Amino acid sequence: MKHVKVLGSGCRNCVTTAALIEKKAAELGVAVEVEKVTDMAAIMGYGVMSTPGVVVDGTVVHAGGVPRPDAVAAWLKG
Amino acid sequence: MFEVFTLLADWAAYDLAGLAPATRTADALHFFVEDVTKIFTLLVVIIFVMGLFRSVLAPEKVRGYLEGKPRGVAYVLAVLLGAVTPFCSCSSVPLFIGFLEAGIPLGATMAFLIASPMINEVAVVILGSVVGWKIAALYVGTGLAVGILGGWLADRFRMERHVEDYVWKIRMGQVAMPAPDTTLRGRIAYAAGEVREIVGRVWLYVLIGVGIGAFLHGFVPQDFFARFAAADNWYAVPVAVLAGIPLYSNATGVIPVAEALLAKAVPIGTVLALMMSVVAISVPEFVILRKVLKVRGLAWFGGFLALAFMAVGYLFNGLMP
(Lines give C-alpha, C1' and ligand atoms only; values in the text may rest on other atoms or scores of the structure.)
Protein backbone atom coordinates (compact mmCIF):
# COMPACT_ATOMS: atom_id res chain seq x y z
CA MET A 1 0.00 0.00 0.00
CA LYS A 2 1.44 3.32 -1.08
CA HIS A 3 0.59 6.50 0.73
CA VAL A 4 0.31 9.45 -1.63
CA LYS A 5 -0.31 13.00 -0.49
CA VAL A 6 -1.39 15.71 -2.91
CA LEU A 7 -0.37 19.09 -1.50
CA GLY A 8 -2.48 22.04 -2.60
CA SER A 9 -5.04 24.58 -1.57
CA GLY A 10 -7.83 22.80 -3.44
CA CYS A 11 -7.36 24.48 -6.80
CA ARG A 12 -8.40 22.77 -10.01
CA ASN A 13 -4.89 21.48 -10.76
CA CYS A 14 -4.75 19.78 -7.36
CA VAL A 15 -8.05 17.98 -7.93
CA THR A 16 -6.86 16.93 -11.40
CA THR A 17 -3.59 15.63 -9.94
CA ALA A 18 -5.34 13.52 -7.28
CA ALA A 19 -7.74 12.09 -9.87
CA LEU A 20 -4.85 11.29 -12.22
CA ILE A 21 -2.99 9.37 -9.50
CA GLU A 22 -6.07 7.36 -8.58
CA LYS A 23 -6.75 6.55 -12.22
CA LYS A 24 -3.17 5.44 -12.89
CA ALA A 25 -3.11 3.32 -9.74
CA ALA A 26 -6.32 1.57 -10.81
CA GLU A 27 -4.84 0.93 -14.28
CA LEU A 28 -1.64 -0.51 -12.83
CA GLY A 29 -3.42 -2.43 -10.09
CA VAL A 30 -1.41 -0.71 -7.36
CA ALA A 31 -3.08 -0.22 -3.98
CA VAL A 32 -2.86 3.46 -3.00
CA GLU A 33 -4.27 5.75 -0.44
CA VAL A 34 -4.50 9.28 -1.85
CA GLU A 35 -4.83 12.06 0.69
CA LYS A 36 -5.37 15.72 -0.16
CA VAL A 37 -3.44 18.03 2.13
CA THR A 38 -4.90 21.53 2.13
CA ASP A 39 -3.49 22.87 5.40
CA MET A 40 -0.98 25.53 4.46
CA ALA A 41 1.34 24.89 7.42
CA ALA A 42 1.48 21.18 6.51
CA ILE A 43 2.17 21.95 2.83
CA MET A 44 4.96 24.35 3.69
CA GLY A 45 6.32 21.80 6.16
CA TYR A 46 7.26 19.66 3.15
CA GLY A 47 9.25 22.58 1.72
CA VAL A 48 6.83 22.92 -1.21
CA MET A 49 5.98 26.39 -2.53
CA SER A 50 4.58 25.57 -5.96
CA THR A 51 1.37 23.62 -5.75
CA PRO A 52 0.19 21.02 -6.46
CA GLY A 53 2.98 19.00 -4.88
CA VAL A 54 3.07 15.22 -4.60
CA VAL A 55 4.50 13.22 -1.70
CA VAL A 56 4.89 9.44 -2.08
CA ASP A 57 5.60 7.51 1.12
CA GLY A 58 6.99 10.60 2.82
CA THR A 59 9.22 11.86 -0.06
CA VAL A 60 8.46 14.92 -2.18
CA VAL A 61 8.55 13.70 -5.80
CA HIS A 62 6.90 16.64 -7.55
CA ALA A 63 6.13 20.33 -7.11
CA GLY A 64 4.31 22.79 -9.36
CA GLY A 65 1.71 21.87 -11.97
CA VAL A 66 -0.10 18.68 -12.88
CA PRO A 67 2.45 15.83 -13.16
CA ARG A 68 2.87 13.85 -16.39
CA PRO A 69 1.07 10.49 -16.49
CA ASP A 70 4.29 8.54 -17.13
CA ALA A 71 5.88 10.21 -14.10
CA VAL A 72 2.90 9.17 -11.98
CA ALA A 73 3.25 5.59 -13.24
CA ALA A 74 6.95 5.59 -12.33
CA TRP A 75 6.24 6.69 -8.73
CA LEU A 76 3.54 4.07 -8.30
CA LYS A 77 5.72 1.27 -9.65
CA GLY A 78 8.90 2.33 -7.82
CA MET B 1 7.01 36.24 -41.31
CA PHE B 2 3.48 36.86 -40.12
CA GLU B 3 1.98 37.52 -43.61
CA VAL B 4 0.90 33.89 -43.73
CA PHE B 5 -1.72 34.62 -41.07
CA THR B 6 -2.99 37.65 -42.99
CA LEU B 7 -3.25 35.56 -46.18
CA LEU B 8 -5.05 32.82 -44.27
CA ALA B 9 -7.50 35.39 -42.89
CA ASP B 10 -7.98 36.88 -46.41
CA TRP B 11 -8.85 33.44 -47.70
CA ALA B 12 -11.20 32.62 -44.80
CA ALA B 13 -13.09 35.93 -44.93
CA TYR B 14 -13.26 36.63 -48.68
CA ASP B 15 -13.13 33.18 -50.30
CA LEU B 16 -14.43 30.68 -47.76
CA ALA B 17 -17.12 32.90 -46.21
CA GLY B 18 -17.57 34.83 -49.48
CA LEU B 19 -17.79 38.23 -47.77
CA ALA B 20 -17.10 41.46 -49.61
CA PRO B 21 -13.92 43.16 -48.34
CA ALA B 22 -14.30 46.27 -46.16
CA THR B 23 -17.71 45.29 -44.82
CA ARG B 24 -18.15 45.11 -41.07
CA THR B 25 -18.58 41.36 -40.84
CA ALA B 26 -15.63 40.74 -43.15
CA ASP B 27 -13.40 43.03 -41.07
CA ALA B 28 -14.42 41.32 -37.84
CA LEU B 29 -14.00 37.81 -39.25
CA HIS B 30 -10.65 38.74 -40.78
CA PHE B 31 -9.40 40.05 -37.43
CA PHE B 32 -10.67 36.95 -35.63
CA VAL B 33 -9.06 34.41 -37.97
CA GLU B 34 -5.76 36.28 -38.21
CA ASP B 35 -5.40 36.77 -34.46
CA VAL B 36 -6.55 33.34 -33.35
CA THR B 37 -4.16 31.56 -35.71
CA LYS B 38 -1.26 33.93 -35.04
CA ILE B 39 -1.61 34.00 -31.23
CA PHE B 40 -2.08 30.26 -30.81
CA THR B 41 0.86 29.51 -33.11
CA LEU B 42 3.06 31.91 -31.15
CA LEU B 43 1.84 30.50 -27.82
CA VAL B 44 2.71 26.93 -28.74
CA VAL B 45 6.08 27.78 -30.31
CA ILE B 46 7.27 30.10 -27.54
CA ILE B 47 6.18 27.87 -24.67
CA PHE B 48 7.74 24.83 -26.31
CA VAL B 49 11.08 26.56 -26.93
CA MET B 50 11.15 27.99 -23.38
CA GLY B 51 10.33 24.52 -22.05
CA LEU B 52 13.23 22.97 -24.00
CA PHE B 53 15.73 25.34 -22.47
CA ARG B 54 14.06 25.24 -19.09
CA SER B 55 14.70 28.94 -18.94
CA VAL B 56 11.73 29.08 -16.63
CA LEU B 57 12.67 29.51 -13.01
CA ALA B 58 11.06 27.68 -10.15
CA PRO B 59 9.78 29.92 -7.32
CA GLU B 60 11.88 27.82 -4.93
CA LYS B 61 15.03 29.05 -6.71
CA VAL B 62 13.82 32.66 -6.73
CA ARG B 63 13.40 32.44 -2.97
CA GLY B 64 17.03 31.44 -2.71
CA TYR B 65 18.18 34.35 -4.90
CA LEU B 66 16.22 36.94 -2.92
CA GLU B 67 17.15 35.67 0.52
CA GLY B 68 19.37 38.09 2.43
CA LYS B 69 19.60 40.73 -0.34
CA PRO B 70 19.53 44.43 0.66
CA ARG B 71 16.08 45.99 0.17
CA GLY B 72 16.93 48.18 -2.82
CA VAL B 73 18.42 45.25 -4.72
CA ALA B 74 15.62 42.93 -3.61
CA TYR B 75 12.85 45.08 -5.18
CA VAL B 76 14.53 45.23 -8.57
CA LEU B 77 15.52 41.57 -8.50
CA ALA B 78 12.00 40.59 -7.37
CA VAL B 79 10.22 42.25 -10.30
CA LEU B 80 12.76 40.94 -12.83
CA LEU B 81 12.45 37.40 -11.46
CA GLY B 82 8.67 37.84 -11.27
CA ALA B 83 8.65 38.64 -14.97
CA VAL B 84 10.40 35.40 -15.93
CA THR B 85 8.94 33.04 -13.30
CA PRO B 86 5.63 31.54 -14.22
CA PHE B 87 3.42 30.29 -11.43
CA CYS B 88 -0.21 29.35 -11.24
CA SER B 89 -2.13 31.92 -9.20
CA CYS B 90 -3.24 29.04 -6.97
CA SER B 91 0.39 28.99 -5.73
CA SER B 92 0.27 32.64 -4.61
CA VAL B 93 -0.41 31.75 -0.98
CA PRO B 94 2.42 29.23 -0.39
CA LEU B 95 4.74 31.48 -2.38
CA PHE B 96 3.86 34.51 -0.27
CA ILE B 97 4.37 32.59 2.96
CA GLY B 98 7.54 30.92 1.72
CA PHE B 99 9.12 34.26 0.80
CA LEU B 100 8.31 35.89 4.14
CA GLU B 101 9.48 32.81 6.00
CA ALA B 102 12.89 33.15 4.32
CA GLY B 103 13.13 36.68 5.70
CA ILE B 104 12.52 38.32 2.30
CA PRO B 105 10.94 41.75 2.98
CA LEU B 106 7.18 42.03 2.41
CA GLY B 107 7.89 44.75 -0.17
CA ALA B 108 10.01 42.45 -2.34
CA THR B 109 7.37 39.74 -2.03
CA MET B 110 4.63 42.16 -3.15
CA ALA B 111 6.84 43.42 -5.99
CA PHE B 112 7.17 39.81 -7.19
CA LEU B 113 3.42 39.20 -6.94
CA ILE B 114 2.62 42.39 -8.87
CA ALA B 115 5.08 41.76 -11.70
CA SER B 116 4.58 38.03 -12.15
CA PRO B 117 1.06 37.89 -13.65
CA MET B 118 1.49 41.15 -15.60
CA ILE B 119 4.74 40.38 -17.37
CA ASN B 120 5.90 37.08 -18.76
CA GLU B 121 8.12 36.31 -21.71
CA VAL B 122 5.34 34.60 -23.67
CA ALA B 123 2.97 37.58 -23.43
CA VAL B 124 5.77 40.04 -24.20
CA VAL B 125 6.78 38.25 -27.42
CA ILE B 126 3.14 38.00 -28.52
CA LEU B 127 2.50 41.66 -27.65
CA GLY B 128 5.57 42.68 -29.66
CA SER B 129 4.59 40.53 -32.65
CA VAL B 130 0.92 41.51 -32.72
CA VAL B 131 0.90 45.14 -31.58
CA GLY B 132 4.50 46.32 -31.96
CA TRP B 133 7.75 46.32 -30.01
CA LYS B 134 7.47 49.91 -28.83
CA ILE B 135 4.25 49.14 -26.97
CA ALA B 136 5.74 45.90 -25.64
CA ALA B 137 8.74 47.80 -24.24
CA LEU B 138 6.47 50.42 -22.63
CA TYR B 139 4.29 47.71 -21.12
CA VAL B 140 7.27 45.87 -19.64
CA GLY B 141 8.97 49.04 -18.41
CA THR B 142 5.92 50.46 -16.67
CA GLY B 143 4.93 47.04 -15.28
CA LEU B 144 8.36 46.67 -13.66
CA ALA B 145 8.24 50.25 -12.35
CA VAL B 146 4.80 49.75 -10.79
CA GLY B 147 6.06 46.55 -9.12
CA ILE B 148 9.15 48.25 -7.68
CA LEU B 149 7.15 51.26 -6.47
CA GLY B 150 4.50 48.99 -4.91
CA GLY B 151 7.16 46.99 -3.10
CA TRP B 152 8.91 50.08 -1.79
CA LEU B 153 5.62 51.60 -0.56
CA ALA B 154 4.58 48.34 1.13
CA ASP B 155 7.73 48.47 3.27
CA ARG B 156 7.66 52.25 3.70
CA PHE B 157 4.15 52.13 5.17
CA ARG B 158 4.75 48.95 7.16
CA MET B 159 2.18 46.80 5.46
CA GLU B 160 3.34 43.86 7.62
CA ARG B 161 0.58 44.97 10.00
CA HIS B 162 -1.98 43.87 7.42
CA VAL B 163 -0.62 40.37 6.96
CA GLU B 164 -2.65 37.65 8.68
CA ASP B 165 -1.03 36.59 11.96
CA TYR B 166 -0.86 32.86 11.23
CA VAL B 167 1.43 33.57 8.26
CA TRP B 168 4.30 34.56 10.55
CA LYS B 169 4.03 31.32 12.55
CA ILE B 170 4.47 28.88 9.67
CA ARG B 171 7.87 27.20 9.48
CA MET B 172 8.93 25.79 6.19
CA GLY B 173 10.65 22.44 5.73
CA GLN B 174 13.85 21.93 3.76
CA VAL B 175 13.12 22.57 0.09
CA ALA B 176 13.31 19.22 -1.62
CA MET B 177 12.94 19.78 -5.34
CA PRO B 178 13.24 16.61 -7.39
CA ALA B 179 16.02 16.90 -10.01
CA PRO B 180 14.67 17.54 -13.53
CA ASP B 181 15.25 15.09 -16.37
CA THR B 182 17.79 16.87 -18.62
CA THR B 183 18.09 14.33 -21.45
CA LEU B 184 16.73 15.47 -24.84
CA ARG B 185 13.75 13.14 -24.48
CA GLY B 186 13.07 14.48 -21.01
CA ARG B 187 13.28 18.06 -22.26
CA ILE B 188 10.89 17.45 -25.14
CA ALA B 189 8.41 15.66 -22.88
CA TYR B 190 8.66 18.52 -20.38
CA ALA B 191 8.21 21.19 -23.08
CA ALA B 192 5.19 19.36 -24.53
CA GLY B 193 3.72 19.09 -21.02
CA GLU B 194 4.23 22.84 -20.53
CA VAL B 195 2.43 23.60 -23.81
CA ARG B 196 -0.51 21.40 -22.82
CA GLU B 197 -0.70 22.84 -19.31
CA ILE B 198 -0.40 26.54 -20.22
CA VAL B 199 -2.49 26.47 -23.41
CA GLY B 200 -5.10 24.47 -21.48
CA ARG B 201 -5.19 27.22 -18.88
CA VAL B 202 -5.29 30.26 -21.20
CA TRP B 203 -7.05 29.25 -24.43
CA LEU B 204 -10.51 30.41 -23.37
CA TYR B 205 -9.23 33.86 -22.32
CA VAL B 206 -7.43 34.20 -25.64
CA LEU B 207 -10.55 33.23 -27.63
CA ILE B 208 -12.71 35.68 -25.67
CA GLY B 209 -10.05 38.39 -26.04
CA VAL B 210 -9.85 37.90 -29.79
CA GLY B 211 -13.65 37.84 -29.99
CA ILE B 212 -13.90 41.19 -28.22
CA GLY B 213 -11.08 42.58 -30.35
CA ALA B 214 -12.80 41.40 -33.55
CA PHE B 215 -16.10 42.97 -32.48
CA LEU B 216 -14.44 46.30 -31.67
CA HIS B 217 -12.50 46.14 -34.94
CA GLY B 218 -15.46 45.40 -37.17
CA PHE B 219 -18.50 46.94 -35.54
CA VAL B 220 -17.53 49.88 -33.32
CA PRO B 221 -16.94 53.04 -35.37
CA GLN B 222 -13.79 55.06 -34.81
CA ASP B 223 -15.90 58.16 -33.95
CA PHE B 224 -17.14 56.37 -30.85
CA PHE B 225 -13.63 56.15 -29.42
CA ALA B 226 -12.68 59.60 -30.72
CA ARG B 227 -15.60 61.02 -28.77
CA PHE B 228 -15.20 59.06 -25.52
CA ALA B 229 -11.56 58.00 -25.31
CA ALA B 230 -9.50 60.84 -26.77
CA ALA B 231 -6.38 61.88 -24.86
CA ASP B 232 -7.96 65.18 -23.77
CA ASN B 233 -10.92 63.37 -22.26
CA TRP B 234 -9.90 63.33 -18.60
CA TYR B 235 -12.22 60.54 -17.49
CA ALA B 236 -11.18 57.97 -20.14
CA VAL B 237 -8.22 56.71 -18.07
CA PRO B 238 -10.08 56.20 -14.75
CA VAL B 239 -12.97 54.58 -16.63
CA ALA B 240 -10.50 52.22 -18.34
CA VAL B 241 -8.96 51.23 -14.98
CA LEU B 242 -12.33 50.83 -13.22
CA ALA B 243 -13.70 48.78 -16.12
CA GLY B 244 -10.69 46.50 -15.83
CA ILE B 245 -11.26 45.68 -12.15
CA PRO B 246 -14.22 43.30 -12.52
CA LEU B 247 -12.94 42.04 -15.88
CA TYR B 248 -10.25 39.45 -15.73
CA SER B 249 -7.99 37.94 -18.32
CA ASN B 250 -4.42 36.73 -18.38
CA ALA B 251 -1.75 38.84 -20.07
CA THR B 252 -2.10 37.04 -23.41
CA GLY B 253 -5.89 37.31 -23.67
CA VAL B 254 -5.91 41.08 -23.30
CA ILE B 255 -3.50 41.63 -26.23
CA PRO B 256 -6.04 41.39 -29.11
CA VAL B 257 -8.30 43.86 -27.29
CA ALA B 258 -5.39 46.29 -26.98
CA GLU B 259 -4.58 45.75 -30.66
CA ALA B 260 -8.13 46.65 -31.72
CA LEU B 261 -8.27 49.72 -29.47
CA LEU B 262 -4.92 51.06 -30.67
CA ALA B 263 -6.03 50.59 -34.29
CA LYS B 264 -9.08 52.74 -33.47
CA ALA B 265 -6.71 55.50 -32.35
CA VAL B 266 -7.41 55.11 -28.62
CA PRO B 267 -4.40 56.78 -26.94
CA ILE B 268 -1.62 54.51 -25.74
CA GLY B 269 -1.83 55.49 -22.04
CA THR B 270 -5.52 54.61 -21.87
CA VAL B 271 -4.85 51.24 -23.52
CA LEU B 272 -1.93 50.44 -21.17
CA ALA B 273 -4.05 51.40 -18.13
CA LEU B 274 -6.85 49.10 -19.28
CA MET B 275 -4.50 46.18 -20.02
CA MET B 276 -2.76 46.40 -16.66
CA SER B 277 -5.99 46.75 -14.74
CA VAL B 278 -7.57 43.75 -16.47
CA VAL B 279 -4.52 41.55 -15.86
CA ALA B 280 -3.31 42.65 -12.41
CA ILE B 281 -6.51 43.55 -10.53
CA SER B 282 -8.86 40.61 -10.50
CA VAL B 283 -11.45 39.20 -8.16
CA PRO B 284 -10.09 35.60 -8.19
CA GLU B 285 -6.56 36.80 -7.39
CA PHE B 286 -7.86 38.96 -4.52
CA VAL B 287 -9.91 36.11 -3.09
CA ILE B 288 -6.70 34.06 -2.98
CA LEU B 289 -4.63 36.88 -1.47
CA ARG B 290 -7.30 37.41 1.20
CA LYS B 291 -5.98 34.22 2.81
CA VAL B 292 -2.73 35.98 3.70
CA LEU B 293 -3.70 39.67 3.79
CA LYS B 294 -6.24 41.31 6.07
CA VAL B 295 -9.07 43.22 4.38
CA ARG B 296 -7.26 46.50 4.99
CA GLY B 297 -4.04 45.27 3.43
CA LEU B 298 -5.97 44.06 0.41
CA ALA B 299 -7.73 47.44 0.07
CA TRP B 300 -4.37 49.24 0.15
CA PHE B 301 -3.00 46.83 -2.43
CA GLY B 302 -5.95 47.23 -4.82
CA GLY B 303 -6.06 50.99 -4.28
CA PHE B 304 -2.36 51.34 -4.99
CA LEU B 305 -2.59 49.33 -8.21
CA ALA B 306 -5.62 51.30 -9.45
CA LEU B 307 -3.92 54.66 -8.75
CA ALA B 308 -0.64 53.49 -10.26
CA PHE B 309 -2.36 52.35 -13.48
CA MET B 310 -4.21 55.67 -13.74
CA ALA B 311 -0.88 57.48 -13.33
CA VAL B 312 0.60 55.31 -16.12
CA GLY B 313 -2.39 56.20 -18.32
CA TYR B 314 -2.15 59.97 -17.80
CA LEU B 315 1.64 59.92 -18.12
CA PHE B 316 1.68 58.25 -21.53
CA ASN B 317 -1.37 60.12 -22.82
CA GLY B 318 0.52 63.32 -21.90
CA LEU B 319 3.84 62.18 -23.39
CA MET B 320 2.47 60.72 -26.65
CA PRO B 321 -1.06 61.89 -27.32
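Each value, and the rule that gives it
- Residues numbered from 1 in each chain as written.
- Chains lettered and ligands numbered in written order.
- Predicted model: local features only at pLDDT ≥ 70, side-chain atom pairs only at ≥ 80, totals over all residues.
- Heavy atoms only, no water.
- Pairing = 2+ DSSP bridges.
- Helix = DSSP H or I, 4+ residues; strand = E, 2+ residues; numbered from the N terminus.
- Right-handed = clockwise from strand over helix to strand, strands pointing away.
- Buried < 20%, exposed > 50% of the residue type's maximum accessible area, 1.4 Å probe, protein only.
- Contact = heavy atoms within 4.5 Å.
- Buried area = accessible area lost by both parts, 1.4 Å probe.
- Salt bridge = Lys/Arg side-chain N within 4 Å of Asp/Glu carboxyl O.
- Phe/Tyr/Trp six-rings, centres within 6.5 Å; stacked < 30°, edge-to-face > 60°.
- Lys NZ or Arg CZ within 6 Å of the ring centre and 35° of its normal.
- Core = buried A, V, L, I, M, F, W, Y, C linked by side-chain atoms within 4.5 Å.
- Axes fitted to C-alpha atoms, helices over the stretch in contact; angles between N-to-C directions.
- Parallel < 35°, antiparallel > 145°, perpendicular 65-115°, else oblique.
- Left-handed = near helix turned anticlockwise from the far one by under 90°.
- UniProt positions renumbered as here; feature names shortened; annotations may be inferred.
- pLDDT = per-residue confidence, 0-100.

Student: Any details on the pairing of strand S1 (residues 2-7) of chain A? Residues and values, ideally.
Tutor: Residue and element names in this part refer to chain A. Summarising the sheet, S1 and strand S2 (residues 32-37) pair through six bridges and their orientation is parallel. Residue pairing across strands places His3 opposite Glu33, the latter belonging to S2. On the question of chirality, the crossover connecting S1 to the parallel S2 by way of helix H1 (residues 12-28) is right-handed. Here S1 pairs with strand S3 (residues 53-56) via four bridges, running antiparallel. Paired with Lys5 across the strands is Val55, a residue of S3.

Student: Tell me what's going on with unusual backbone geometry, and back it up with residues and numbers.
Tutor: All names here are of chain A. A cis amide bond links Thr51 with the next residue in sequence, Pro52, at an omega value of -10°. Looking at where Pro52 falls in the secondary structure, it is placed in the loop between helix H2 (40-45) and S3. In this model, Asp57 sits at a positive phi of 45°, which is unusual for a non-glycine residue. When you line up the elements, Asp57 lands in the loop between S3 and strand S4 (59-63). With relative accessibility at 43%, the residue Asp57 sits in the partly exposed group.

Student: Pulling in residues and values, what's your account of the interface of chain B and chain A?
Tutor: Between chain B and chain A, the residue contacts involve 25 residues of the former and 18 residues of the latter. For the pair chain B and chain A, the two sides together bury roughly 1,800 Å², of which 63% comes from carbon and sulfur. Across the contact surface, chain B and chain A share zero salt bridges. Among the elements of the structure, helix H3 (59-66), helix H5 (92-101) and helix H10 (184-219) of chain B are those that each provide at least two residues to the side of chain B that touches chain A.

Student: Go over the packing of aromatic side chains, please, and point to the residues and values.
Tutor: Residue and element names in this part refer to chain B. Inspection of the entire model under this criterion finds eight aromatic pairs over all chains. Ring pairing ties together the aromatic residues Phe224, Phe225 and Phe228, which thus form one cluster. Its end group placed over the ring of Phe157, Arg156 keeps NZ or CZ at 5.3 Å from the ring centre.

Student: Quick rundown of the nonpolar core? Include the residues and the values.
Tutor: Proteins that are soluble and globular tend to have nonpolar side chains buried together. Ranked by internal contacts, the top residues of the largest apolar core, which has 112 residues, are Phe96, Met118, Ile126, Tyr139 and Phe309 of chain B. The contact partners of Tyr139 of chain B, leaving out residues within four places of it in the chain, are Met118, Leu127, Ala251, Leu272, Met275, Met276 and Val279 of chain B. The next biggest cluster of nonpolar side chains, apart from the first, holds 13 residues, and it includes Val6, Ala18, Val72 and Trp75 of chain A.

Student: Break down the packing of helix H1 (residues 3-16) of chain B against helix H2 (residues 24-53) of chain B for me, citing the residues and quoting the values.
Tutor: Two packed helices can be described by the angle between their axes and the distance between those axes. All names here are of chain B. Where H1 meets H2, the axes come as close as 8 Å, and the angle between the chain directions of the two elements is 140°. If you check the angle between H1 and H2, you find them oblique. In this structure, H1 crosses over H2, and the sense of that crossing is right-handed. Residues Phe5, Thr6, Leu8, Ala9, Asp10, Ala12, Ala13 and Tyr14 of H1 lie in contact with H2, whose contacting residues are Ala26, Leu29, His30, Val33, Glu34, Thr37, Lys38 and Thr41.

Student: Pulling in residues and values, what's your account of the UniProt feature "active site" (unreviewed entry) in chain A?
Tutor: All names here are of chain A. In this structure's numbering, the residues bearing the UniProt feature "active site" (unreviewed entry) are Cys11 and Cys14. In this fold, Cys11 is placed in the loop between S1 and H1. Judged by its relative accessible area of 14%, Cys11 is buried. Checked against the element boundaries, Cys14 lands in helix H1. Cys14 sits in the buried class, given a relative accessible area of 3%. Ignoring anything within four residues of it in the chain, the contact list for Cys14 reads Val6, Gly8, Ser9 and Pro52.

Student: An account of the environment of Ala74 of chain B is requested, with residue identities and associated values reported.
Tutor: Residue and element names in this part refer to chain B. Within the secondary structure, Ala74 is located in helix H4 (residues 71-84). The class for Ala74 is buried, based on a relative accessible area of 0%. Distance from Ala74 to Val283, taken between C-alpha atoms, is 28 Å for residues 209 residues apart in sequence. Leave out the neighbours within four places in its chain, and Ala74 touches Leu66, Lys69 and Ala108.

Student: Report on the pattern of salt bridges, specifying residues and quantitative values.
Tutor: Considering all chains together, one arrives at 11 salt bridges over all chains under this definition. Between Lys23 of chain A and Glu27 of chain A there is a salt bridge, with the nearest N and O atoms lying 4.0 Å from each other. Of this pair, Lys23 of chain A and Glu27 of chain A are both found in helix H1, four residues apart, which corresponds to roughly one turn of the helix. With respect to burial, Lys23 of chain A and Glu27 of chain A carry one shared label: exposed. Between Arg290 of chain B and Glu164 of chain B there is a salt bridge whose closest N-O contact spans 2.7 Å. One end of the pair, Arg290 of chain B, is in the loop between helix H15 (283-289) and helix H16 (295-319); the other, Glu164 of chain B, is in the loop between helix H8 (133-156) and helix H9 (165-169), with 126 residues separating them in the sequence. Residue Arg290 of chain B is classed as partly exposed on the basis of its relative accessible area, which comes to 35%. You can call Glu164 of chain B buried: its relative accessible area is 19%. The network of salt bridges with common partners includes Lys23, Lys24 and Glu27 of chain A.

Student: Residue-level account of the confidence of the model for chain B, with values.
Tutor: Mean pLDDT over chain B stands at 90; residues scoring 70 or higher make up 96%. Model confidence for the complex: the whole-complex pTM is 0.88, and ipTM, which rates the interface, is 0.82.

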